[in-house]
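If you want the building blocks of each chain, they are given just below.
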Amino acid sequence: MLRKRFSYLILIIFLVSILLIVFLQFNSGSSIQNLIKNNQTLLHEFEVQQSLEQVKTDVVFLESNVRGLVITQDSLHAATVEDEMKKINEKLSKILTIIKDQQYAPLANKLLTAVHQKQEFTKEILEAFKKDGKLAAEKLINTNRGKLLRDTIFEVIRQINLNRQVELTGISASIAANGARAKRWGLILAGIAGICCLITFWYLINQSRGQVKLIETLNASEKKIKEVSMIKDQFMANMSHEIRTPMNAILGFAGLLQNTELDANQEKYVKSIKTSADNLLTIINDILDLAKMESGIVTLEKSRFSIMELMDSLITMMDVKARNNHLYLQLHADGNLPAIVVGDKVRLTQILVNLISNGLKFTEKGGVKVYVKLLNQRQDVVTIRFIVKDTGIGIAPQQQQKIFERFQQAETDSKRRFGGTGLGLAIVKQLVEIQNGKISVESEPGKGSKFIVDLTYELITDNEEQEISLQSQQKHLPAKTKLLVAEDNVMNKELMKHLLKRWKFNYEIVDNGKQAVEALQKNKFDLVLMDIQMPEMDGYTATEKIRRELQMDIPIIAMTAHALAGEREKCIAAGMNDYISKPLQPDELYRLITKHAVSNSNKPIVNLDYLHSLSKGDKDFETEMLASFRSQMPESMNSLKEAINAKDYPSVVAIAHTMKSMAAYVGASELNQLLQEIEQASAAKSSINIISQKYLQAEELINLVLAEINHV
């Protein structure tokens, strides 16, 4: 009981102390506010004083520049004089804005008048100089009118400063008083706070001990959770890589086999192999999707595909399972379905494979019918209804909503009778919903089930159809396109060789990121296909070296078997241009290569915008500059080569510097950068072999620049 009363007493003392501290804080705050206000006023006065002194200095510089103009007769001084007058006007406007007191209005107006008269007199001198020459300008200067105006300006500034000095003294005194008051209240506040702390410290310390223990426990738990999460993410990433890498080879070689001469049965078997591998990959992706869905991150891919082609492939693949179970599997599709739609083909495959597999699994007699109907169509979108109807065991009404939950099945003995984890329909429901679709079920026990899925897809436009037609006509890039492939897996290397040979690309394959960096230093490539997980140096580290150390903007496409959420963003953030996941889809890989390699190889290396800005539309001037570049640059290259061979570093620095300026005039930024590297390397007296290598790169680039200028 005594402890309880003492606790109340402590609480009362604490509350009274808080009220007193608030009161003292209010008074201290008021003093500090006054102190801040006076400090701002003082700074304001110093700013005025400094600006006035700067005006005096600028007036002197203005007069000096005018005399310099007349004496030297150098027209460059005219621009300096105009800049000085402009600066004086800007500073004077700022001063007049600051000095708003009524008592300073006459002096401010007098200063403004004197400055304007001084500038008008300066303009008279400039006009006399331009019109009648040096003697006329000197005659005006010798009238001493400029000196009188300058003295008037200085006198007005002196009067303003004297008048404001009294205010500065008062402000300083006020600042000192407010500072002392704030200090006094601060000491009182510190004393009260110290007493309160001594009274309550011993009581609060006991309470805090329990909180510290609780926090330590929570921190340990949070650390363990983070460690478990990191282990799980790493396990998922490694599992993804290890499983998807051989899948890449299976799908790749099945695709290559499809392009060989096959009879009807062989073509059907190969197609079934490829479809089965695709669906095995889909199952793998289902496992990975659980991790993505737990984090709320599932990405959708947009690609063009044929619904009928996809359905035929699915039915062919699943029909084997149906016939093995003595069931039928039938497809009924509307004849007015669009030929091509734009959407996520993989997610649709996941949905339908799950639904058809479930239908076959829970059906003992009869079979499964799949209906594809055109629900509605607008100008640019179409809604397709997919119905999977079976003659299986059916689902009781009270269980029809539970089946879409994780680890749930319609009947308690379903798992024992039919197997399965109960994840399929939960994944299907989430995949439908992230595509803004709808899924529902109609069923009765013993009469089968009907799953209805409505999904909306985009329709391709006429322009896109023309683009597809153009791509189908353009099977290969030009033979000069050269690719660098960094890949350590033997089977994936063989697959890349077959694909790149088929597409008639020039290419070089290296085993790791270190070799990729070395290859880029030695040879010129149009694009890099970079695997992420490699020995000795991974793809991220190699990309960083290419971007930072080699200063190259060559397109880099990441190839990774990691399929976790955020992997694409991680690759882009590391400096790569695009991303493709393994198993590689040949069409998608070719699309990315053409997208980046073509844009890189066709990118102009000369930008004449700077030359246009200099010429102001004078085409003769532009022609002369380009002709001068064409004639001087080869001569400069010969001089540079001789200086490098002679190891004459100072000459190399001077010649490269001059050439760098020439490159800047025609907007050859890449050449400008390379010449700058030669200049810097020579200034540092780096290895002559390094400089020679950069010279060879510059020589090749200059030939391209000259060819482009000749075309212009």
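Thresholds, definitions, all that
- Residues numbered from 1 in each chain as written.
- Predicted model: local features only at pLDDT ≥ 70, side-chain atom pairs only at ≥ 80, totals over all residues.
- Heavy atoms only, no water.
- Helix = DSSP H or I, 4+ residues; strand = E, 2+ residues; numbered from the N terminus.
- Buried < 20%, exposed > 50% of the residue type's maximum accessible area, 1.4 Å probe, protein only.
- Contact = heavy atoms within 4.5 Å.
- Areas by Shrake-Rupley, 256 points an atom, 1.4 Å probe, with all protein chains shown as cover.
- Core = buried A, V, L, I, M, F, W, Y, C linked by side-chain atoms within 4.5 Å.
- Salt bridge = Lys/Arg side-chain N within 4 Å of Asp/Glu carboxyl O.
- Axes fitted to C-alpha atoms, helices over the stretch in contact; angles between N-to-C directions.
- Parallel < 35°, antiparallel > 145°, perpendicular 65-115°, else oblique.
- Left-handed = near helix turned anticlockwise from the far one by under 90°.
- Nonpolar A, V, L, I, M, F, W, Y, C, P; charged D, E, K, R; others polar.
- pLDDT = per-residue confidence, 0-100.
- Phe/Tyr/Trp six-rings, centres within 6.5 Å; stacked < 30°, edge-to-face > 60°.
- Lys NZ or Arg CZ within 6 Å of the ring centre and 35° of its normal.
- Polar contact = N/O pair within 3.5 Å; in protein donor to acceptor, adjacent residues only side chain to side chain.
- Pairing = 2+ DSSP bridges.

**Some remarks on the overall build of the protein chain**
Counting secondary structure elements, the protein chain contains 21 helices and 12 strands. Across the 712 residues of the protein chain, 41% fall into the buried class. Within the protein chain, contacts between residues separated by at least 24 positions form 72% of all contacts whose residues are at least 6 apart in sequence. Working note: accessible area of the protein chain is about 40,200 Å², and carbon and sulfur atoms make up 55% of it.

**Digging into the nonpolar core**
In this structure, F386 and Y457 are the most contacted members of the largest nonpolar core, which totals 41 residues. Broken down by secondary-structure element, the contributors of at least two residues to this core are α7 (307–324), α8 (345–361), β4 (367–377), β5 (381–390), α10 (424–434), β6 (438–443) and β7 (449–459). Here the element with the most residues in this core is α7; it accounts for eight residues. With near-sequence residues (within four places) excluded, Y457 lies in contact with F305, V341, V342, G343, D344, L348, D380, V381, V382, I384, F386 and Q435. Within the second largest apolar cluster, 34 residues are counted, among which are L626, M662, L675 and I688.

**Overview of the pattern of salt bridges**
Scanning the model with the defined rule gives 15 salt bridges in all. Across the pair K514 and E536 runs a salt bridge whose closest N-O atoms are separated by 3.6 Å. One end of the pair, K514, is in helix α13 (residues 513–522); the other, E536, is in the loop between β10 (527–531) and α14 (539–548), and 22 residues separate them in sequence. In this structure, the salt-bridge partner of E677 is K694, at a minimum N-O distance of 2.9 Å. Separated by 17 residues along the polypeptide, E677 in helix α20 (residues 669–683) and K694 in helix α21 (residues 688–711) bring together distant segments of the chain.

**Re the packing of helix α18 (residues 619–645) against helix α19 (residues 649–665)**
Here α18 crosses α19 at 160°, and the two axes come no closer than 10 Å. Classified by the angle their axes make, α18 and α19 are roughly antiparallel. Between α18 and α19 the crossing geometry is left-handed. Packed against α18, whose contacting residues are M625, F629, Q632, M633, S636, M637, S639, L640, A643 and I644, the element α19 presents S651, V652, I655, A656, M659, M662, A663 and Y665 at the interface. Of the residues that constitute the contact of α18 with α19, the class distribution is 14 nonpolar, four polar and no charged.

**Description of the confidence of the model for the protein chain**
When pLDDT is averaged across the protein chain, the result is 76; 72% of the residues are at 70 or more. By mean pLDDT, the top-scoring element of the protein chain is β5 (94), and the lowest-scoring one is helix α9 (residues 414–418) (44). Every residue in residues 407–422 is under pLDDT 50, and counting partners more than four places away or in other chains gives 31 contacts. Segment residues 465–476 is flagged for pLDDT under 50; beyond a separation of four residues in sequence, or across chains, it makes 10 contacts in the model.

**Let's talk about the side chain of S306**
Turning to its location among the elements, S306 is positioned in the loop between β1 (303–305) and α7. In this structure S306 comes out as buried when scored by relative accessible area, which is 17%. With sequence-adjacent residues up to four places away left out, S306 is seen in contact with A339 and I340.

**Some words on the packing of aromatic side chains**
The relation between two aromatic rings is expressed through the spacing of the ring centres and the mutual angle of the planes. All told, the structure shown has four aromatic pairs when counted by the stated rule. An aromatic cluster is present here, built from W503, F505 and Y590 joined pairwise through their rings. Sitting above the plane of the Y371 ring, K373 keeps its charged end 5.8 Å from the centroid.

**Overview of the environment of S357**
Positionally, S357 belongs in helix α8. The sequence separation of S357 and M318 amounts to 39 residues, and the corresponding C-alpha distance is 7.8 Å. Polar side-chain contacts of S357 include one of 2.7 Å to the backbone oxygen of V353.

**Here we look at the sheet that holds strand β12 (residues 578–581)**
Hydrogen bonds between backbone atoms are what pair the strands of a sheet, whose relative direction is either parallel or antiparallel. Pairing is parallel in the open sheet, where five strands are placed in the order β9-β8-β10-β11-β12. Two strands close off the open sheet at either side, each with one partner strand: β9 (506–510) and β12. Mean inter-strand twist for the sheet, computed between neighbouring axes without regard to direction, equals 20°. As paired strands, strand β8 (residues 482–486) and β10 are joined by four bridges and run parallel to one another. Within β10, the position partnered with A486 by the bridge is M530. Contacts between helix α12 (residues 490–502) and the sheet are confined to β8, β9, β10 and β11 (556–560), with β9 contributing the most and set at about 175° to the helix. Across the sheet, α13 is in contact with β8, β9 and β10; its angle to β8 comes to roughly 155°.

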